[in-house]
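# Per-entry structural report
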Amino acid sequence: MEPAEPADRAQLRLLQRFLSPATTFLELCEDDYSLALTIAQRVKRTYAAVDISAVPGTGQRLPANFHLALAQRANVPVPSAVIDVAYTRCRLDLLRPAEALDLLADIYRALAPRGTLLCMTMNRTTYPIAQLRAMLRKVGFRRVTQYARWRDAYVPLPSCVLRLLRRVALDIRVAARK
């Protein structure tokens, strides 16, 4: 079951470089956890933390390694130090800076040693890359890498190149390692 949209395929390709059959994966999403369902076919365990205001689909058969958890704004309802790869798209855009910092700290708590967070914001004016990097470092992340979408793939970009291209409408993802 591959995601149908080209944007979803590009996200899946980016995520695949961080996944293995032994991975425990977490997607923080508002209501659509189809990406997490797709990834559940490829990893040991998958969690989807869905916003509590969303109503999860009823009657849908979920894989045995898939766990659906209801989250409130800035919390991650999973045990500590169990997640190898966490992914959030647009979740930070909905939060005030203090809440976003709380969410990042809770994601950090949930990550296993050397765990990775992949983060996407839709509105680069809400959390510019420099501010997002500073927030990630503040909660404890040691290594932060930016990925820019080029055609149908994501490529890592050094910060200096990103600063030169900041006026270009690039689709950017940030990966942070614990």
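Residues numbered from 1 in each chain as written. Predicted model: local features only at pLDDT ≥ 70, side-chain atom pairs only at ≥ 80, totals over all residues. Heavy atoms only, no water.

### Let's talk about the pattern of salt bridges
- Evaluated as defined, the whole model comprises three salt bridges.
- Linking Glu 99 and Arg 96 is a salt bridge whose minimum nitrogen-to-oxygen distance equals 3.9 Å.
- According to the relative accessible area criterion, Glu 99 is buried, its value standing at 16%.
- The closest approach of N and O atoms between Asp 106 and Arg 109, which form a salt bridge, is 2.6 Å. Residue Asp 106 and its partner Arg 109 are located together in helix 3 (residues 97-110), separated by three residues, close to a single helical turn.
- By relative accessible area, Arg 109 is classed as partly exposed at 28%. (Salt bridge = Lys/Arg side-chain N within 4 Å of Asp/Glu carboxyl O. Buried < 20%, exposed > 50% of the residue type's maximum accessible area, 1.4 Å probe, protein only. Helix = DSSP H or I, 4+ residues; strand = E, 2+ residues; numbered from the N terminus.)

### Remarks on helix 3
- For helix 3, which comprises 14 residues, the first-to-last C-alpha distance of 20 Å matches the rise-based estimate of 20 Å (1.5 Å per residue) to within 8%.
- Three or more residues of helix 3 are buried, namely Glu 99, Ala 100, Leu 103, Leu 104, Asp 106, Ile 107 and Ala 110. In an axial view of helix 3, the angular spread of the buried residues amounts to 160°, which keeps them on one side of the axis.
- In this structure, the buried residues of helix 3 make contact with strand 1 (24-29), strand 4 (83-89), strand 5 (111-120) and helix 4 (129-139). (Expected span 1.5 Å × (residues − 1). Arc of directions from axis to C-beta. Contact = heavy atoms within 4.5 Å.)

### Describing the sheet that holds strand 5
- Reading across from one edge, 3-2-1-4-5-8-6-7 is the order of the eight strands in this open sheet, with mixed pairing throughout. The strands lining the two open edges of the sheet, one partner per strand, are strand 3 (66-71) and strand 7 (153-157). Across the sheet, the mean angle separating the axes of adjacent strands is 20° when strand polarity is ignored.
- As defined by bridge partners, strand 1 adjoins strand 4 across four bridges and the pair is classed as parallel. (Pairing = 2+ DSSP bridges. Axes fitted to C-alpha atoms, helices over the stretch in contact; angles between N-to-C directions.)

### Looking at the environment of Ser 34
- With respect to the helices and strands, the residue Ser 34 is situated in helix 2 (residues 34-40).
- Residues Ser 34 and Ala 48, 14 residues apart in the sequence, show an inter-C-alpha distance of 9.4 Å.

### Remarks on helix 4
- Ile 129, Leu 132, Arg 133, Met 135, Leu 136 and Val 139 are the residues of helix 4 that are buried. Along the axis of helix 4, the buried residues cluster in a sector spanning 165°; they form a single face. Residues of helix 4 that are exposed and point more than 90 degrees away from the buried face comprise Ala 130 and Lys 138.
- Just past helix 4, the residue Gly 140 takes up positive phi, approximately 125°.

### Observations concerning the packing of helix 3 against helix 4
- For the pair helix 3 and helix 4, the least separation of the axes is 9 Å and the interaxial angle reads 50°. Of the possible angle classes, the one that applies to helix 3 and helix 4 is oblique. Of the two elements, helix 3 crosses helix 4, and the hand of that crossing is right-handed. Residues Pro 97, Ala 100, Leu 101, Leu 104, Ala 105 and Tyr 108 of helix 3 touch helix 4, and the partners they reach there are Leu 132, Met 135, Leu 136, Lys 138 and Val 139.
- Here the residues of the contact of helix 3 with helix 4 sort into 10 nonpolar, no polar and one charged. (Parallel < 35°, antiparallel > 145°, perpendicular 65-115°, else oblique. Left-handed = near helix turned anticlockwise from the far one by under 90°. Nonpolar A, V, L, I, M, F, W, Y, C, P; charged D, E, K, R; others polar.)

### Points about the nonpolar core
- Counting 32 residues, the largest nonpolar core has Leu 26, Leu 104, Ile 107, Leu 117 and Leu 136 as its most contacted members.
- The set of elements that each furnish at least two residues to this core consists of strand 1, strand 2 (45-51), strand 4, helix 3, strand 5, helix 4, strand 6 (143-150) and strand 8 (172-177).
- Look past the residues within four positions of Leu 104 in its chain and what remains in contact with it is Leu 92, Leu 117, Leu 132, Met 135, Leu 136, Val 139 and Phe 141.
- In this structure, Ala 10, Leu 12, Cys 29 and Met 120 belong to the second largest nonpolar core, which totals 25 residues. (Core = buried A, V, L, I, M, F, W, Y, C linked by side-chain atoms within 4.5 Å.)

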